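# Fold and contact review
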Amino acid sequence: MSFSPDDEKIAFSDGSSSGQNIYMINSSQGAAIQQITSSGKNYSPIYSPSNQEIFYSKEENGNFYIWSFNLNSSLMTQYGEGATPCISSDGNTLYVTRNNKTSEQGEIWAINIESGQETLLMSSNERGYSTPKISPDGKKIVCVGISPASNTRKQNLDLYTFNIDGTRLTQHTFHGGNDVSPIWDIDGKSIYFLSQRGNEDGKWNVWKMSFN
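Described in the following lines is the structure provided in the data block. (Residues numbered from 1 in each chain as written. Predicted model: local features only at pLDDT ≥ 70, side-chain atom pairs only at ≥ 80, totals over all residues. Heavy atoms only, no water.)

### Considerations on the overall build of the protein chain
Looking only at helices and strands, the protein chain has zero helices and 19 strands in total. For the protein chain, the C-alpha radius of gyration of 17 Å lies close to 17 Å, the compact-globule estimate for 212 residues. C-alpha atoms of the protein chain, sized along the principal axes, occupy 55 × 40 × 35 Å. If you take every contact in the protein chain between residues at least 6 apart in sequence, the share linking residues at least 24 apart comes to 25%. Approximately 11,400 Å² of the protein chain is accessible, and the part contributed by carbon and sulfur atoms is 46%. (Helix = DSSP H or I, 4+ residues; strand = E, 2+ residues; numbered from the N terminus. Rg over C-alpha atoms; globule rule 2.2 N^0.38 Å. Contact = heavy atoms within 4.5 Å. Areas by Shrake-Rupley, 256 points an atom, 1.4 Å probe, with all protein chains shown as cover.)

In structure tokens:
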């Protein structure tokens, strides 16, 4: 789910009925639910900083594309290939996950909303990356990366950060359980994430990691 910038609304994806669609509800009062999309499989809604659009990913014939819904005009716009979008604080750049057709590994891309220019930020033939989240100061991206198997541990998912220009990739978690869905604290000094650590059954819990 995603909170609107004014904290008045929550956008979320729901698949309890036919398909997978985006809905919006009042964050404090609940009750009336507004349906945003009505067909296909739609995921990962986020609000623009201006609170004018909801960006989301839509699956079409096995591929994912980024779309937006204008909350004023109800106009829907497609921006390009990608999933799990996040957006810069100025509202100019989308950061998305794409699948490399050759290596079949996930990559992190940036899409300039106005010009349409696309830039590859993070890619590897041995490790896939997904779920980018930009830091509050706009300088870092945290994402999920596949940590290859070794003699002492199985392949699993860990958290990584890198600079906004794609440099200084750093691994931050090393536990044998999967770590996913990272988000920044509003001060940029901590990262919250879901993890299977801390229990023998591999159940998911919310964890917090300090970031310096």
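### So, the nonpolar core
Core analysis: the largest hydrophobic core is formed by twelve residues, namely C86, Y95, I108, A110, L121, M122, Y129, I134, I141, C143, Y160 and F162. Elements represented by at least two residues in this core include exactly strand 11 (106–112), strand 12 (118–122), strand 13 (129–134), strand 14 (140–147) and strand 15 (156–163). Setting aside residues up to four positions removed in sequence, I108 forms contacts with V96, T97, T119, L120, L121, M122, Y129, S130, P132, C143 and F162. (Core = buried A, V, L, I, M, F, W, Y, C linked by side-chain atoms within 4.5 Å. Buried < 20%, exposed > 50% of the residue type's maximum accessible area, 1.4 Å probe, protein only.)

### With respect to the sheet that holds strand 2 (residues 9–14)
As summarised here, the arrangement of the four strands in space is 1-2-3-4, forming an open sheet in which the pairing is antiparallel. Single-partner strands in this sheet number two, and they are strand 1 (2–3) and strand 4 (30–35). Here strand 1 pairs with strand 2 via two bridges, running antiparallel. Looking across to strand 2, one finds that S2 is bridged to A11. (Pairing = 2+ DSSP bridges.)

### Notes on the pairing of strand 7 (residues 63–70)
In this structure, strand 6 (residues 53–60) lies alongside strand 7, joined through eight bridges in antiparallel fashion. Opposite K58, over in strand 7, you have Y65 as the bridge partner. Here strand 6 folds back onto strand 7 in antiparallel fashion, the turn holding two residues, of which N61 has a positive phi close to 55 degrees. Sheet topology note: the strand 7/strand 8 (residues 76–81) ladder contains five bridges and is antiparallel.

### Quick look at the sheet that holds strand 12
With antiparallel pairing, the four strands of this open sheet are ordered in space as 9-10-11-12. Where the open sheet ends on each side, the last strands, each with one partner, are strand 9 (83–87) and strand 12. The average undirected angle you get between the axes of adjacent strands in this sheet is 30 degrees. With seven bridges joining them, strand 10 (residues 93–99) and strand 11 adopt antiparallel strand pairing. Across the sheet, the residue bridging to Y95 is A110, located in strand 11. (Axes fitted to C-alpha atoms, helices over the stretch in contact; angles between N-to-C directions.)

### Quick word on the packing of aromatic side chains
This model, assessed by the stated rule, comprises five aromatic pairs. Relative to Y23, the ring of F12 lies with its centre 5.8 Å away and its plane at 20 degrees, an arrangement referred to as stacked. Placement of the pair is F12 in strand 2 and Y23 in strand 3 (residues 21–26), with a sequence separation of eleven residues. Here the aromatic rings of Y129 and Y160 are separated by 5.9 Å at their centres, their planes lie at 90 degrees, and the arrangement is edge-to-face. You can see Y129 sitting in strand 13 and its partner Y160 sitting in strand 15, a full 31 residues away along the chain. Of the two residues, Y129 and Y160, neither departs from the other in class, the shared state being buried. K58 extends its terminal NZ or CZ atom over the ring of W67, reaching a point 5.5 Å from the ring centre. Directly above the aromatic system of W207 lies the positively charged group of R197, at a separation of 5.5 Å from the ring centroid. (Phe/Tyr/Trp six-rings, centres within 6.5 Å; stacked < 30°, edge-to-face > 60°. Lys NZ or Arg CZ within 6 Å of the ring centre and 35° of its normal.)

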